[in-house]
Structure formats: C-alpha cells, structure tokens
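So the chains spell out like this:
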Amino acid sequence: MPGVTKEQIQEAREADLFRYLQFHEPGVLKRDGPNYRHKEHDSLVYVTGKGYWYWNSRGRSINALDYLVEIRGYGLVDAVNTLTDGRGRQTESRRSTPAKSPVQREPEKRPFSLPWAKRCATFAVSYLQRRGISSRIISRCFRLGLLYEARHRDEAVCVFVGKDDG
C-alpha cells in the first residue's frame, strides 16, 4: 500500500469536517441551538459562530483527519485517501445524489492488555467503600484477582476483571 506525502496529510487536515459529515454520514448531525452536535459522540460540537469543531470530552478542537483516525478507527493512509482523492486534492463534498448510508469502517484491531496494577490500592478501597461496598467483598475481589487499582491518563481507576468459565 502506498504511503501519503506531507502535503496530502496537510490537505486532509484542512478538509471541512462539517461538509464531510453532511456528505458521507448524513443524519449524524443534530441542531443544538446555533451549533451542531454529533449524535453518536455528543461531546463533539460544531461551533457555527466560529466555524470549528470542539471535542468537549477531550478539551480540544478536532479536524476531519482526527475524526476519521480517532473516532472512526481509520488508519492514517486510508483517512488521508478518503479526505483527498489520493493525489492531494480534496474530494468533492457535494454529490448529485445523497449517499444511501454512511460507510462504517472496521476499527483496527489492537491486542488487548490490562493496565498495570498498582502495588497499594488505597484509592480503589476508599472509593468502593464510599460507594457502599463492604470491605469484605472488596477484599474477596482482590484475593480472587477480580479487582485491582491502576492508573489511566494520570488518574487512579478501579479495574474489574471478568473471567470466563473455561
């Protein structure tokens, strides 16, 4: 599979996400006052007054290339080629007939791995006790390997592990 050039990547970054969604994923936008909100990812908002997308849950703006890679699971080359015609020109954002249904791409498969366990699970224990879970049940879950404390994006989290019968 051929790669893409820096110019093609820049061109894809400049693609209009609002028009892309109207053309390729019709019906995915809903009006929210003067702005638009993505129906599947309601923290993704198009601010019409300023003409840009903001991803509230991540606290940052987003462009069409970010959308395809981070939300739809495209690889970089596929995302760039989708937003451009493969030669560095943006694809036409208007079509004479509307698309029948949005094309959903299968996210890239990544190997699953559990986060590293912290040695001392004081946050997990205190959090679960505040939520009304008895210390006897918490201890049993730790002993059976069903619960541990880890860090995710610099935050302490409780990890519950499900196990198959087999």
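Look up: the structure comes first, before these words.
Residues numbered from 1 in each chain as written. Predicted model: local features only at pLDDT ≥ 70, side-chain atom pairs only at ≥ 80, totals over all residues. Heavy atoms only, no water.

## Examining the sheet that holds strand 1 (residues 29-32)
- Read from one edge to the other, the open sheet built from five strands follows the order 1-2-3-4-5, with strand pairing classed as antiparallel. Looking along the sheet, the strands with just one partner apiece sit at the ends: strand 1 and strand 5 (60-62). Ignoring strand direction, the axes of neighbouring strands in this sheet form an average angle of 35°.
- Taken together, the two bridges between strand 2 (residues 35-38) and strand 3 (residues 44-47) define a ladder with antiparallel strand orientation. Bridge pairing in strand 3 places Tyr36 opposite Tyr46.
- Packing against the sheet, helix 3 (residues 64-71) makes contact with strand 2, strand 3, strand 4 (52-55) and strand 5, and its axis sits at approximately 95° to strand 5. (Pairing = 2+ DSSP bridges. Helix = DSSP H or I, 4+ residues; strand = E, 2+ residues; numbered from the N terminus. Axes fitted to C-alpha atoms, helices over the stretch in contact; angles between N-to-C directions. Contact = heavy atoms within 4.5 Å.)

## Notes on the nonpolar core
- One finds Leu17, Tyr20, Leu21, Trp53, Ile62, Tyr67 and Leu83 to be the most contacted residues of the largest nonpolar core, which totals 23 residues.
- Breaking this core down by element, the ones donating at least two residues are helix 1 (6-13), helix 2 (17-24), strand 3, strand 4, helix 3 and helix 4 (76-83).
- The leading source of residues in this core is helix 3, at five residues.
- When residues no more than four places from it in sequence are discounted, the contact partners of Tyr67 are Leu17, Tyr20, Leu21, Glu25, His38, Leu44, Ile62 and Arg72. (Core = buried A, V, L, I, M, F, W, Y, C linked by side-chain atoms within 4.5 Å. Buried < 20%, exposed > 50% of the residue type's maximum accessible area, 1.4 Å probe, protein only.)

## What about the pattern of salt bridges?
- A full pass over the atoms with the stated rule returns eight salt bridges.
- Here Asp66 makes a salt bridge to Arg60, at a shortest N to O gap of 3.7 Å.
- Given the relative accessible area of 28%, Arg60 is considered partly exposed.
- Several salt bridges share partner residues, and in doing so they unite Arg58, Arg60, Asp66 and Glu70 into one network. (Salt bridge = Lys/Arg side-chain N within 4 Å of Asp/Glu carboxyl O.)

## Overview of the packing of aromatic side chains
- If you walk through the whole model with that rule in mind, you get four aromatic pairs.
- A centroid spacing of 4.6 Å and a plane angle of 25° characterise the contact between Phe18 and Tyr46, whose relative ring orientation is stacked. Residue Phe18 is located in helix 2, and its partner Tyr46 is located in strand 3; the two are separated by 28 residues in the primary sequence. Neither Phe18 nor Tyr46 differs from the other in exposure class; each is buried.
- Counting every residue linked through ring pairs, the aromatic cluster contains Phe18, Tyr36, Tyr46 and Trp53. (Phe/Tyr/Trp six-rings, centres within 6.5 Å; stacked < 30°, edge-to-face > 60°.)

## Examining the side chain of Asn35
- Of note, Asn35 is situated in strand 2.
- At 3.2 Å, the side chain of Asn35 forms a polar contact with the backbone nitrogen of Thr48. (Polar contact = N/O pair within 3.5 Å; in protein donor to acceptor, adjacent residues only side chain to side chain.)

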